[in-house]
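Listed below, chain by chain, are the residues.
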Amino acid sequence: MMSMDTDSPNSTTSSGSAQDTAQPVVRPVSYEPNRRGNEATYEVIEAIRRGETPAPTVHPEVDPSNAIINIEDFNLWYSETQAIHSVSMNISRGAVTALIGPSGCGKSTLLRSINRMNDLVEGVRVEGLIGLNGSPIYAPSVDVISLRKRLGMVFQKPNPFPMSIFENVVYPLRIDGERRKSVLEEACEKSLRAAAIWDEVKDRLKRSALGLSGGQQQRLCIARAIVADPEVLLLDEPCSALDPVATLKIEELISEISERYTVLIVTHNMQQAARVSDYTAFMYLGRLVEYGPTAKLFQTPALIETEHYVSGRFG
Ligand SMILES: Nc1ncnc2c1ncn2[C@@H]1O[C@H](COP(=O)(O)OP(=O)(O)O)[C@@H](O)[C@H]1O
Ligand SMILES: [Mg+2]
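Treat the numbers as computed from the prediction; the structure is a model and nothing was measured. (Residues numbered from 1 in each chain as written. Chains lettered and ligands numbered in written order. Predicted model: local features only at pLDDT ≥ 70, side-chain atom pairs only at ≥ 80, totals over all residues.)

**Re the overall build of the chain**
A tally of regular secondary structure across the chain gives eleven helices and eleven strands. Residues classed as buried in the chain amount to 42% of the 315 residues present. Put simply, of all contacts in the chain between residues at least 6 apart along the chain, 71% involve residues at least 24 apart. (Helix = DSSP H or I, 4+ residues; strand = E, 2+ residues; numbered from the N terminus. Buried ≥ 20, exposed ≤ 12 C-beta atoms within 10 Å, placed from the backbone. Contact = placed C-beta atoms within 7 Å.)

Quick look at the structure:
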């Protein structure tokens, strides 16, 4: 069982320091600076461990009127086991939002709920609402194939198809029936440029994508994910299989791409979340715990749990 680091000095209180204007919904956290080995408590985390679903702490800077994705009281079960518990959150349009939390807390599940990839898992049941640009994605009338086209997705492990670099990038357009060479070529170049890999591959577009390095393959997968102009780009730990240099390139790319796309990224790397995202959501055991501007979550979080998680003191 995870427990408090009893030796940690506690200089920051849970309500944060001088916050100028908007105050988050601060829940009181009983945490005493601990020098005698007394158990200090993570009130919210303990409640969640008991099976409760406390209301999340959402900072007021998360503006619902700017939401591209609205998640309302969303629950998901894998057969009998509930993996997402009443999550409500608005994902801001045109921003990068990071999902963080210990392994198994439901980050990938939540991401896969947004493009309905969990539909492919047997025994999955959902309740609640997810809206994309105002329309509910779990409505019976929704065509899942066209929904997935509106959401580009990139996974942990690069997954180029065994075909040429060119064919990889334009694949989503081909299956959509696009045959015009000029259209495909233009889209291919545009996406490869946006994915910051054009210069490295422009002279070998006809060669197999499998010959690229891992980092190049992942940027290729990002190019493929954006070629059909999705509304949102979903990234599930896109750098976890990459070396530090390739990781840095992807991070730079995310910052550039976010000028045009909304990005939702799962990461277990706190520095990465801090570097690339505008908003951060901290999840625990399928619940949303604290959600707000990344700078606040990392510097003046409302909850002691968040403070300790982002600084690596638990989880
Ligand atoms: N396909 C699946 N079938 C059953 N349980 C699953 C499946 N995928 C994930 N889970 C469970 O759901 C919970 C959340 O998992 P996941 O979303 O992968 O977490 P994270 O991405 O935060 O590590 C975990 O308890 C995990 O074991
Ligand atoms: Mg995951």
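The rest of the description comes next.
**Looking at the packing of helix 4 (residues 165-175) against helix 5 (residues 181-194)**
Following both chains from N to C, one finds helix 4 and helix 5 inclined at 110°, their axes separated by 9 Å at the closest point. The pairing of helix 4 with helix 5 is recorded here as roughly perpendicular in orientation. Seen along the crossing, helix 4 lies across helix 5 with a hand that is right-handed. Counting all contacts with helix 4, which are made through Phe166, Val169, Val170 and Leu173, the residues of helix 5 involved are Leu184, Ala187, Cys188, Ser191 and Leu192. Of the residues contributing to the contact of helix 4 with helix 5, the split by class is eight nonpolar, one polar and no charged. (Axes fitted to C-alpha atoms, helices over the stretch in contact; angles between N-to-C directions. Parallel < 35°, antiparallel > 145°, perpendicular 65-115°, else oblique. Left-handed = near helix turned anticlockwise from the far one by under 90°. Nonpolar A, V, L, I, M, F, W, Y, C, P; charged D, E, K, R; others polar.)

**Structural notes on unusual backbone geometry**
At Ala196, a residue that is not glycine, the phi angle is positive and equals roughly 55°. Residue placement: Ala196 occurs in the loop between helix 5 and helix 6 (198-201). Of note in the backbone geometry, Glu237 takes a positive phi value of approximately 45° without being a glycine.

**Here's the deal with the sheet that holds strand 1 (residues 57-58)**
In space, the seven strands of this open sheet follow the order 1-11-10-4-9-8-7, with mixed pairing throughout. Every interior strand has two partners, whereas the edge strands, strand 1 and strand 7 (151-154), have only one. With five bridges joining them, strand 8 (residues 232-236) and strand 9 (residues 262-266) adopt parallel strand pairing. Along strand 9, the bridge assignment pairs Asp236 with Val266. Against the sheet, helix 7 (residues 214-226) contacts strand 7 and strand 8, and its axis sits at roughly 165° relative to strand 7. (Pairing = 2+ DSSP bridges.)

**Looking at the site of ligand 1**
Every residue close to ligand 1 is listed here: Tyr78, Ala83, Gly101, Ser103, Gly104, Cys105, Gly106, Lys107, Ser108, Thr109 and Val121. Per element, the largest residue contribution to the shell around ligand 1 is three residues, and it comes from helix 2 (residues 107-114). Here the residues of the shell around ligand 1 sort into four nonpolar, six polar and one charged. (Near = placed C-beta within 6 Å.)

**Structural notes on helix 2**
Counting buried residues in helix 2 gives eight out of eight residues, a clear majority hidden from the surface. Once helix 2 ends, the next one or two residues include Arg116, with phi positive near 60°.

**Overview of helix 7**
Along its 13 residues, helix 7 runs 19 Å from first to last C-alpha, staying within 8% of the 18 Å computed at 1.5 Å per residue. For helix 7, a buried count of twelve out of 13 residues is recorded, marking the element as mostly surrounded by other parts of the structure. The complete set of buried residues in helix 7 reads Gly215, Gln216, Gln217, Gln218, Arg219, Leu220, Cys221, Ile222, Ala223, Arg224, Ala225 and Ile226. If you follow the buried residues of helix 7, they end up packed against strand 7, helix 4, helix 5, helix 6, strand 8 and helix 8 (244-257). (Expected span 1.5 Å × (residues − 1).)

**Comments concerning the sheet that holds strand 6 (residues 135-136)**
Spatial ordering of the open sheet is given by 3-2-5-6, a layout of four strands whose pairing is antiparallel. Since the sheet does not close on itself, it has two edges, and those belong to strand 3 (81-92) and strand 6, each with one partner. Pairing of strand 2 (residues 67-78) with strand 3 involves eight bridges; the strand directions are antiparallel. Within strand 3, the position partnered with Tyr78 by the bridge is Thr81. Strand contacts of helix 2: strand 2, strand 3 and strand 5 (124-132), with the helix running at about 65° to strand 3, the strand carrying the most contacts.

**Let's talk about the nonpolar core**
Core analysis: the largest hydrophobic core is formed by 77 residues, its most contacted members being Leu99, Ala223, Leu233, Leu234, Val263 and Ile265. For this core, the leading source of residues is helix 7, giving six residues. For Leu233, the contacting residues outside a window of four places in its chain are Gly152, Ala225, Ile226, Ile257, Tyr261 and Val263. (Core = buried A, V, L, I, M, F, W, Y, C linked by C-beta atoms within 7 Å.)

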